[in-house]
Amino acid sequence: MTQAEGAATFRAAADMYGRFVGRYAPALSAALIEVVGIEPGSRLLDVGCGPGGLAQALADVVSEENVSAVDPSEPFVETCRERLPGADVRVAAAEELPFPEDSFDGAFAQLVVNFMSDAERGVGEMKRVVRKGKTVAACTWDYADGMTMLRAFWDAAREVAPDEAGRADESTMRYSDLASLTGLWREVGLNEIDSGELSVSADYEDFDDLWAPFPSGIGPAGAFCAALEPERQHALRTAFARRLGDPTGPFELSARAWHVVGRA
């Protein structure tokens, strides 16, 4: 699956996104903001805002009127606008940000860089719109090992449909490891680069609560699930649950993301 194809799978209902990776957004946003450090009154940009999880967290620090956000998905933009009526939220791609140079004190991309059609250009645009010496920051999931939900899903998928899963597994995407993500920041000419891991978790009522978004087609994992015929989809569900210990009640899953921060 290409980065552009992966991005297209997120053009779905915001409520399903919220039940999918969106439920990690509050904790992940807080962790990213903590490592970056934000001064009240700063003007900030959320690139690839989705339904507004990170934008909301930024607004809690600097107020809505100091937050701008973009996303290529109109439904997500509408949801983010409803959530933050005082923010400047626009339909736009990372590769063509609709802002002049030196507009912001910080630009953030949460779980987005690996889905950009041209990541070097997208991060370059983030650099362009921040003032000299200000921050460009991002994080991506550790698909290969640390994002428990997705790692268990793709391992289960490889049991059920090994050839198809091998091509779709998100661990094969660029910028989903610390070295390549940090390298991207160097390539676009950012300075004072710092990187590391962010550890968060999410709660689930039961396995049905976890499984519900997958058949809807949300994200690359959901698109893979939705494309399976019913028999293999059921087999995938069974293998997925088994890999998580067949939970019957509430449970928690941990997730690790890689972060990188640099200055323009």
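Everything below is about the structure printed above this text.
Residues numbered from 1 in each chain as written. Predicted model: local features only at pLDDT ≥ 70, side-chain atom pairs only at ≥ 80, totals over all residues. Heavy atoms only, no water.

1. Comments concerning the overall build of the protein chain
So, point 1. Helices and strands together make up the secondary structure of the protein chain, namely 12 helices and 7 strands.
So, point 2. On the principal axes, the C-alpha backbone points of the protein chain span a range of 55 × 35 × 30 Å.
So, point 3. For the protein chain, buried positions account for 55% of its 264 residues.
So, point 4. Sequence separation of 24 or more characterises 75% of the internal contacts of the protein chain that already satisfy a separation of 6 or more.
So, point 5. Positive and negative side-chain charges in the protein chain, numbering 24 and 43 respectively, have mean positions lying 4 Å apart. (Helix = DSSP H or I, 4+ residues; strand = E, 2+ residues; numbered from the N terminus. Buried < 20%, exposed > 50% of the residue type's maximum accessible area, 1.4 Å probe, protein only. Contact = heavy atoms within 4.5 Å. Lys, Arg positive; Asp, Glu negative; His and termini not counted. Charge placed at Lys NZ, Arg CZ, Asp CG, Glu CD.)

2. Overview of the pattern of salt bridges
Pairing between side chains of opposite charge can happen when the charged atoms of each approach one another.
So, point 1. For the structure shown, the criterion picks out 17 salt bridges.
So, point 2. Residue Glu-159 is joined to Arg-243 by a salt bridge in which the shortest nitrogen-to-oxygen separation is 3.0 Å. Of the two residues, Glu-159 is situated in helix α7 (residues 148-160) and Arg-243 in helix α12 (residues 230-243); the sequence distance between them amounts to 84 residues.
So, point 3. Exposure remark for Glu-159: the relative accessible area of 38% places this residue in the partly exposed category.
So, point 4. Judged by relative accessible area, Arg-243 falls into the partly exposed class, the value being 42%.
So, point 5. Members of the salt-bridge network, linked through shared partners, are Arg-151, Asp-155, Arg-158 and Asp-169. (Salt bridge = Lys/Arg side-chain N within 4 Å of Asp/Glu carboxyl O.)

Just geometry here; none of it tells us what the structure is for.
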